[in-house]
Amino acid sequence: CAASVGRFEGHVAKYMGDGMLVYFGYPQAHEDDARRAVSAGLGIVEGVEGLSQRLGEGSDVELGVRVGIHTGLVVVGEMGGGGTREAEAIVGETPNVAARLEDLAEPNSVAISAATHGLVEGLFECDDLGPQRLKGVSEPVRVFRVLGESAAQSRFEAAAESGLTPLVGREEEIGLLLKRWQQAADGEGQVVLLSGEAGVGKSRIVRAFRERLGTEPHSRVLYYGSAYHLNSALYPVIDQLERALRFARDDGPAEKLDKLEAALNGLGLPVADTAPILVSLLSLPFEGRYEPLELAPQQLKAKTLEASIAVIEAMAAQAPVLMVVEDVHWIDPSTVEYLDLAIERLSAARVLLIIIYRPEFEAPWTGHAHVTAHALNRLGRKDATAMVAKVTEGKALPDEVLDQIVAKTDGVPLYVEELTKTVLESGVLEDKDGAYVLTGPLPPLAIPDSLKDSLMARLDHLAPAKEVAQLAAVLGRTFGRELLDAVSPLGGAELDDVLGRLVESGLVYRRGLAPAVTYEFKHALVQDAAYQSLLKSTRQQYHGRIAQALEEEFPETGEMQLELLAHHYTEARLISQAIPYWQRAGRRAVERSANLEAIAHLTKGLELLLTSPDTPERAEQELALQIALTGPLIAARGYTAPETERTSARALELCKQIGDTPEIFPVLFGRQVFHLVSGRMAKAHQLAEEFLHLADGQQDDAPRLVGHRLHGLVSLCIGNLTAARRHLEQAVALYQPERHRSLIFLYGQDVKVAALSSLHWTLWLLGHPDQALERSQEALDQARALSHAYTLGYALGFIGIVDTLRRDWQGARRHTDSGLALAAEHGLPHWTGNALLTLGRTLAAQGRVADGIASMKEGLTTYRAHHAAVFVPMYLVWLAEAYGEAGTAEEGLKLLDEAEAVMETGGERWYEAEQHRIKGELLLARSARNRAKAAAAFRHAIEVARGQEAKSLELRAATSLARLWQTQKKTAEARDLLAPVYGWFTEGFDTADLKDAKALLDELS
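Residues numbered from 1 in each chain as written. Predicted model: local features only at pLDDT ≥ 70, side-chain atom pairs only at ≥ 80, totals over all residues. Heavy atoms only, no water.

Draft legend 1. Geometry of the overall build of the protein. The number of helices and strands found in the protein is 45 helices and 19 strands. Computed over C-alpha atoms, the radius of gyration of the protein comes to 39 Å, more than 25% over the 30 Å expected from 2.2 N^0.38 for 1005 residues, which places it beyond the range of a compact globule. The buried share of the protein, taken over its 1005 residues, is 54%. Total accessible area computed for the protein in this model is approximately 44200 Å², and 50% of it derives from carbon and sulfur atoms. (Helix = DSSP H or I, 4+ residues; strand = E, 2+ residues; numbered from the N terminus. Rg over C-alpha atoms; globule rule 2.2 N^0.38 Å. Buried < 20%, exposed > 50% of the residue type's maximum accessible area, 1.4 Å probe, protein only. Areas by Shrake-Rupley, 256 points an atom, 1.4 Å probe, with all protein chains shown as cover.)

Now the structure itself:
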């Protein structure tokens, strides 16, 4: 905080003409610098007013003072040159705003900014003066006039007045306090020592416990330790007594004595014996009211402690007493003696004494039988998430925001609450349909203003160790002793001594044994505070030093953690060294199926690259990054996601810019797959032709392998099954594991597995069920051997579909369950939608029709949400068939109309025969009068299937029409239709379709 005091102004202070600039938080930060600044401002105003009164009305001198206070970050250091050097010059907007607030303030008043008000709200009474235009400040600043201190003893008490976030995850602690309270109320005095780090929720638990007591008859005695009064004897006892007696600021000594005597009489205590001692404690004049105390200092202290305890005992005789001592780590030695006596004397009284302190305080009271010590742990992820929901009032946050909050706050409730509030107020989120959504990319979450002082105070108290903590913060949340030694100016025993101080302070943990010792910052926000307290230039130097050490002295670490090296070079602004490491880190992540990490690494490399000059070399480097990015984008976002499309389009643009380049093939692949999955078959077929044409001119057979695979799949989709089989078999034949397995990183999945997956589908359609099954098992075995998540997801997705087409419901369920688990584990949205659809069709076929329909609808929504349209006609037909099984043929017929429209628009025709066949079945289910329409639909299905040589679909359509004719007594026609189709097959006689056809032929015979 910077306080600018005008006319008569007075931590570090600088005189500026008729004013003074005071820095709070420098050179030593405190947990409550804003409060100290405002209190000092009010004290200055009060002092000047008192001086004016002493001068008298007749004086020619009129004194007045104005105070302006603003809170913000500044840089303090030596500036200037020659004879005008200034040792502690300050750079930043903060002192300027403070000076303008001083100008704005009325004489003998304190004006503060909204930034300062947010840190002291509830501790002071203020008037809101609204936004004000300040000279030299671009945006209006909201200003408050401070009227005086409030009755709140702490920021927690102030926050409690405006409402606290509901307590989460502390049922065990509340239960313990309730149990001890019951024992105390029964006359067995109890003491609970509640310890925990700052912000972990000690005061909040006690507040919740007090609320649980509700209207149960009891008295409360609340003491507060104070960082300002560490050496003020019995300050918490005096403060509590003054509050309990309701001393007002304008009460005279006589009025205060009257209040004290009335209280003692009410408790049945002898006024003559007790009052003089307590009056002495309160530093009130006797005015001849009592006999003077003729006691030695030690005797007076003993009597004072005895009298104070006697008051508590008298209260306990009337009703159970809850005594709470807050912030015991800030109490004076005499108050420790008071608590010693209280714990000893009150063991048989109806008193529960709760003593709250931080871990650095060593409580001397644990040896008593009626004392229970309990150390508070941090919240787990579940409770931290629940607390975030309380702050957001139940509105969901985006997963990436929630993950950052939980990671940054490490389960400290205060941190969770304050960081969540900061995010909600930051403008990066908007409320949409009862949930929060990001308005743009998520920036790193900044430390809330309400926590900066306490975090920096802990660092500043470390003095020389602070610099090591800052350097360690650049290394990361976790850092090794050896690497720190390599980059630190300290070394050996000196560095070990400093690290020991950091461990003792509770800021870091130590793990492992020498030489492999590692350290970890206790809180992510502590690391952030140490990191942000460095000048940017110093940070860059540290990052560069660390990157160089990793490369030269720790090459194994650098090779294992490529993204770490990339990060340090990036932050050191050594861009040319950083980009190759981001590219290598991305490729490494792809190899491990860590697609989201790969996207992050490669995107970071692209962002850095675009800051360098536009040269042919940059274009080639960008093309390599864009191509590397395409595969993980397909896996994590889907083939047709906007970012996938943008990446492949940019890569194609770069290929044209560069000219003849072999990189054209993965780029054309991305464009072809985009159009295929978008359901634009004509464009996809054109690009497959173009790809194969270019590949034929290459000596390398890898592009031909990929081209045949692309051509095979698009031929399958448009219903040209013979061409599909030819291309796919060529792709399988061309594949050589030692030469082509690495293509997985260019094209997103293994080319042979993809070709086999399409081939077994094609073979089933062509009427070769057993050959299809062999190829599907071959695809699955190779996918599992590769240990590549997206390839395995691809194989499982295709096999699940063909299992469903074969009506092998057990196989479909087995492969679908595996696919769902894999997609959930690795974040594969395309295959999640596919698996839900396959699962739904399987459930419906097994009699769970309602569940099946629900699963298919969810799957279709998920699938389409990622802009996928390929196979949608099939999925719609499946759903229509399930509606028919549910007895709602009308709904099914609507879906078939939609499927037909999608086929017309996109050109995907391979399932057209089934669309017509199911239409016939639903027409019959709706009414027997639709027999003629149904027969026409079946005939159309047969014609389409024959045109595509889809013998399996022809068999189904022929079976449906033959069954209809059987009901019409057209037995011979039915047999003549079905027998030759069935007779064509030479395999697959154990499949459901061939079994049904055989059974019907037997009936017709």
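Draft legend 2. Here's a closer look at unusual backbone geometry. Even without being a glycine, S283 presents a positive backbone phi close to 60°. If you trace the backbone, S283 turns up in the loop between helix 9 (271-281) and helix 10 (297-318). By relative accessible area, S283 is classed as exposed at 63%. A positive phi angle, close to 65°, is found at R807, a residue other than glycine. With respect to the helices and strands, the residue R807 is situated in the loop between helix 35 (789-806) and helix 36 (809-826).

Draft legend 3. Spatial organisation of the sheet that holds strand 14 (residues 371-375). Taken in spatial order, the five strands of this open sheet run 11-12-13-10-14, and their pairing is parallel. Whereas interior strands pair on both sides, the edge strands pair on one side only; in this sheet they are strand 11 (219-224) and strand 14. Ignoring strand direction, the axes of neighbouring strands in this sheet form an average angle of 15°. As paired strands, strand 12 (residues 321-326) and strand 13 (residues 351-357) are joined by five bridges and run parallel to one another. Bridge pairing in strand 13 links V321 to V351. Against the sheet, helix 11 (residues 333-345) engages strand 10 (190-195), strand 11, strand 12, strand 13 and strand 14, with an angle of about 145° to strand 13. (Pairing = 2+ DSSP bridges. Axes fitted to C-alpha atoms, helices over the stretch in contact; angles between N-to-C directions. Contact = heavy atoms within 4.5 Å.)

Draft legend 4. Main features of the sheet that holds strand 17 (residues 478-480). In space, the three strands of this open sheet follow the order 17-19-18, with antiparallel pairing throughout. Of all the strands in the sheet, just strand 17 and strand 18 (508-511) have a single pairing partner and so form its edges. Between one strand axis and the next, the sheet turns by 25° as a mean value, whatever way the strands run. Pairing between strand 17 and strand 19 (residues 518-521): three bridges, direction antiparallel. Paired with F479 across the two strands is Y519, which belongs to strand 19. Sheet strands touched by helix 18 (residues 492-504): strand 17, strand 18 and strand 19. Its angle to strand 18, the strand with the most contacts, is close to 120°.

Draft legend 5. Examining helix 28 (residues 681-696) more closely. Here helix 28 contains 16 residues, and its C-alpha end-to-end distance of 22 Å stays within 8% of the 22 Å for a straight helix at 1.5 Å per residue. Listing the buried residues of helix 28 in full gives M681, A684, L687, A688, F691, L692 and A695. Each buried residue of helix 28 lies within a common arc of 135° when the element is viewed along its axis, so the set occupies one face. In helix 28, the exposed positions angled more than 90 degrees off the buried face are occupied by A682, H693 and D696. On its buried side, helix 28 packs onto helix 27 (664-677), helix 29 (702-718), helix 30 (721-734), helix 32 (744-747) and helix 40 (889-906). (Expected span 1.5 Å × (residues − 1). Arc of directions from axis to C-beta.)

Draft legend 6. Region of the structure containing the packing of helix 14 (residues 413-425) against helix 15 (residues 449-460). In contact at an axis separation of 9 Å, helix 14 and helix 15 are set at 140° when each is read in the N-to-C sense. In terms of their interaxial angle, helix 14 and helix 15 are classed as oblique. Within the contact between the two elements, helix 14 uses L414, Y415 and E418 and helix 15 uses S450, L451 and L455. Looking at side-chain class alone, the contact of helix 14 with helix 15 contains four nonpolar, one polar and one charged residues. (Parallel < 35°, antiparallel > 145°, perpendicular 65-115°, else oblique. Nonpolar A, V, L, I, M, F, W, Y, C, P; charged D, E, K, R; others polar.)

Draft legend 7. Quick peek at the packing of aromatic side chains. Inspection of every chain in the model, using the stated rule, returns 22 aromatic pairs. Summarising the aromatic geometry, the rings of F479 and Y519 are spaced 5.7 Å apart at their centres and angled 15° between planes, so their arrangement reads as stacked. Residue F479 is found in strand 17, and its partner Y519 is found in strand 19; the two are separated by 40 residues along the sequence. Judged by its relative accessible area of 2%, F479 falls in the buried class. When the centroid spacing of 4.9 Å and the interplanar angle of 45° are considered together, the rings of W761 and F871 count as tilted. You can see W761 sitting in helix 33 (residues 751-766) and its partner F871 sitting in the loop between helix 38 (849-865) and helix 39 (872-885), a full 110 residues away along the chain. In terms of burial, W761 and F871 fall into one category: buried. (Phe/Tyr/Trp six-rings, centres within 6.5 Å; stacked < 30°, edge-to-face > 60°.)

Draft legend 8. Local environment of helix 33. With 16 residues, helix 33 should reach 22 Å at 1.5 Å per residue; the first-to-last C-alpha distance of 22 Å fits that figure. Of all the 16 residues making up helix 33, 16 are buried; the element is thus mostly covered by neighbouring parts of the structure. Residue D750 occupies the N-cap position of helix 33, its side-chain oxygen lying 3.3 Å from the main-chain nitrogen of K752. Within two residues after helix 33, G767 carries a phi angle of roughly 100°, on the positive side. (Polar contact = N/O pair within 3.5 Å; in protein donor to acceptor, adjacent residues only side chain to side chain.)

Draft legend 9. Looking closely at the packing of helix 39 against helix 41 (residues 912-926). Contact geometry of helix 39 with helix 41 gives a least axis separation of 10 Å together with a crossing angle of 15°. Taken together, the axes of helix 39 and helix 41 lie roughly parallel to each other. Judged by the twist between their axes, the crossing of helix 39 over helix 41 is left-handed. On helix 41, the residues that touch V877, A880, E881 and G884 of helix 39 are E914, Q915, R917, I918 and L922. Partitioning the contact of helix 39 with helix 41 into residue classes produces four nonpolar, two polar and three charged. (Left-handed = near helix turned anticlockwise from the far one by under 90°.)

Draft legend 10. Structural detail: the confidence of the model for the protein. Here the protein averages 87 in pLDDT, and 95% of its residues register 70 or above. In the predicted structure, residues 6-10 sits below a pLDDT of 50 and forms 25 contacts with residues beyond four places in sequence or in another chain. (pLDDT = per-residue confidence, 0-100.)

Draft legend 11. Up close: the pairing of strand 10. Among the six residues of strand 10, six are classified as buried, and the element is accordingly described as predominantly covered. Both faces of strand 10 are covered, namely the face carrying Q190, V192 and L194 and the face carrying V191, L193 and S195. With six bridges connecting them, strand 10 and strand 13 associate as parallel partners. Following the sheet pairing, L193 is matched in strand 13 by I355.

Draft legend 12. Geometry of the nonpolar core. Residues W761, L805, F871, M874 and Y875 are the most contacted members of the largest nonpolar core, which totals 130 residues. Broken down by element, the residue count for this core peaks at eleven residues, all from helix 33. Ignoring anything within four residues of it in the chain, the contact list for Y875 reads I801, N834, L837, L860, Y863 and V870. Counting residues in each nonpolar core, the second largest holds 62 residues, with Y415, A469, A472 and A585 among its members. (Core = buried A, V, L, I, M, F, W, Y, C linked by side-chain atoms within 4.5 Å.)

Draft legend 13. View of the environment of L502. Along the polypeptide, L502 turns up in helix 18. Considering only alpha carbons, one finds L502 and R813, 311 residues apart in sequence, at a separation of 56 Å. If we skip the residues at most four places from it in the chain, L502 touches L462, A465, V468, A469, L507 and V508.

Draft legend 14. Molecular detail of the pattern of salt bridges. For the structure on display, the rule yields 51 salt bridges. Two residues, R618 and D614, come together in a salt bridge whose shortest N-O distance is 3.8 Å. One connected set of salt bridges, linked through shared partners, spans R807, E914, R917, E921, R956, D993 and D996. (Salt bridge = Lys/Arg side-chain N within 4 Å of Asp/Glu carboxyl O.)

Draft legend 15. Seen up close, the environment of F124. Within the element layout of this structure, F124 appears in strand 8 (residues 124-132). Placed 47 residues apart in sequence, F124 and E171 show a C-alpha to C-alpha distance of 33 Å. Those residues within four positions of F124 in sequence are excluded, and the remaining contacts are R35, V38, S39, L42, V146, G148, E149 and S150.

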